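If you want the building blocks of each chain, they are given just below.
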Amino acid sequence: MKLKITHVNIYRYHRPVELTNHQLMLRPVESHGLQIRSEKLEVYPHNSLSWEHDIFNNSVANLHFTSKTDELRIISEYTVEQFNINPFNFSLAIYTNDLPFDYRGEDLVDLAPFLIRQYPQDHTAIGQWLQTFLDPFGRAKTLKFLLTLNEFIAANFAYGRREEPGFQSPAETLSLGTGCCRDFALLLMEAAKHMGLAARYVSGYLCNLEQEESEIAANATHAWTEIYLPGAGWKGFDPTSGILAASLHVPVARTRSPDQATPIRGSYLGEASLFKDMSVCIDARVIES
């Protein structure tokens with residue numbers, strides 16, 4: 001399956017400003033499940049560009065601007081081929097069939113950063129919520145538990161677009177019963193860690209079928225959670241849609257903390273009043289099934 005993602009960001013200022021160095025995390029993460037077939041990155045004004053892999057092996061474009069401007073324009077376009085058609089094509093290691101379980105050997109050492117809770121103060125709220133999905137002894141079948149939790153968030157929490165940056169804490173999301181995709185991804189990530197599972201945050205795109213539009217994916221990046229399951233590896237769970245991440249999901253950044261996955265980082269020198277407005281346009285869809 002081939003997918004095409006076009007992502008346009010335009011920032012406008014009331015008069016020419018000096019831009020600081022910018023970092024872009026817009027390039028899809030390649031793997032045996034996803035390959036880039038064509039790519040284009042256009043940035044105005046003139047700049048020097050270099051690439052690096054961050055600590056999580058995500059591709060990061062570094063931009064150094066050489067002149068002032070009253071407009072910053074960033075256009076990325078990628079065509080990718082997706083091979084992750086059946087997300088259930090795996091077998092769990094036998095010892096992981098029931099929760100809770102302990103990771104073994106070097107897995108525990110390597111996964112340690114992804115077991116650390118981002119919101120330890122929400123431990124009680126998350127624990128009380130999860131009791132509904134566990135037996136009286138605090139146990140559950142691993143895959144059934146995760147699939148049920150993923151589907152429950154999608155079915156019982158109200159989705160709402162939120163343009164401003166930042167995240168609701170898991171406790172806030174549980175209390176409000178509403179959130180955006182990044183809030184739901186964070187909630188599921190912290191819930192998995194509560195059960196002793198390693199989890200990480202994923203930012204990327206959710207593509208549409210050619211003639212369909214999705215409120216979730218329209219003109220926005222998307223976020224979901226990956227959980228490490230021995231025998232299966234890192235498996236993507238999308239609590240906004242209630243499905244496993246598969247053929248329509250294109251990851252761009254996988255990070256330990258949600259705020260490490262910001263698609264565009266950078267600023268300008270001068271007063272906040274110099275900023276005029278911005279526009280974002282994202283088209284992510286299937287072009288060949």
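Moving on, we come to the pairing of strand β11 (residues 199-206). With respect to burial, β11 is a largely interior element, eight of its eight residues being buried. Bridge analysis of β11 against strand β12 (residues 222-229) gives six bridges, and the strand direction is antiparallel. When the sheet's bridge partners are listed, glycine 204 is paired in β12 with histidine 222. Examined bridge by bridge, β11 and strand β15 (residues 249-255) share six bridges and lie antiparallel to one another. Its bridge partner being in β15, serine 203 is matched across the sheet by alanine 253.

So, about the sheet that holds strand β4 (residues 47-53). Pairing is antiparallel across the open sheet formed by four strands, whose spatial order is β4-β5-β2-β16. Each edge of the open sheet carries a strand with a single partner, namely β4 and β16 (264-265). Pairing analysis gives three bridges linking strand β2 (residues 22-24) to strand β5 (residues 59-65), with the strands arranged antiparallel. Each bridged residue has a counterpart across the sheet, and for histidine 22 the counterpart in β5 is leucine 63.

Rules used in this analysis
- Residues numbered from 1 in each chain as written.
- Predicted model: local features only at pLDDT ≥ 70, side-chain atom pairs only at ≥ 80, totals over all residues.
- Heavy atoms only, no water.
- Buried < 20%, exposed > 50% of the residue type's maximum accessible area, 1.4 Å probe, protein only.
- Helix = DSSP H or I, 4+ residues; strand = E, 2+ residues; numbered from the N terminus.
- Pairing = 2+ DSSP bridges.

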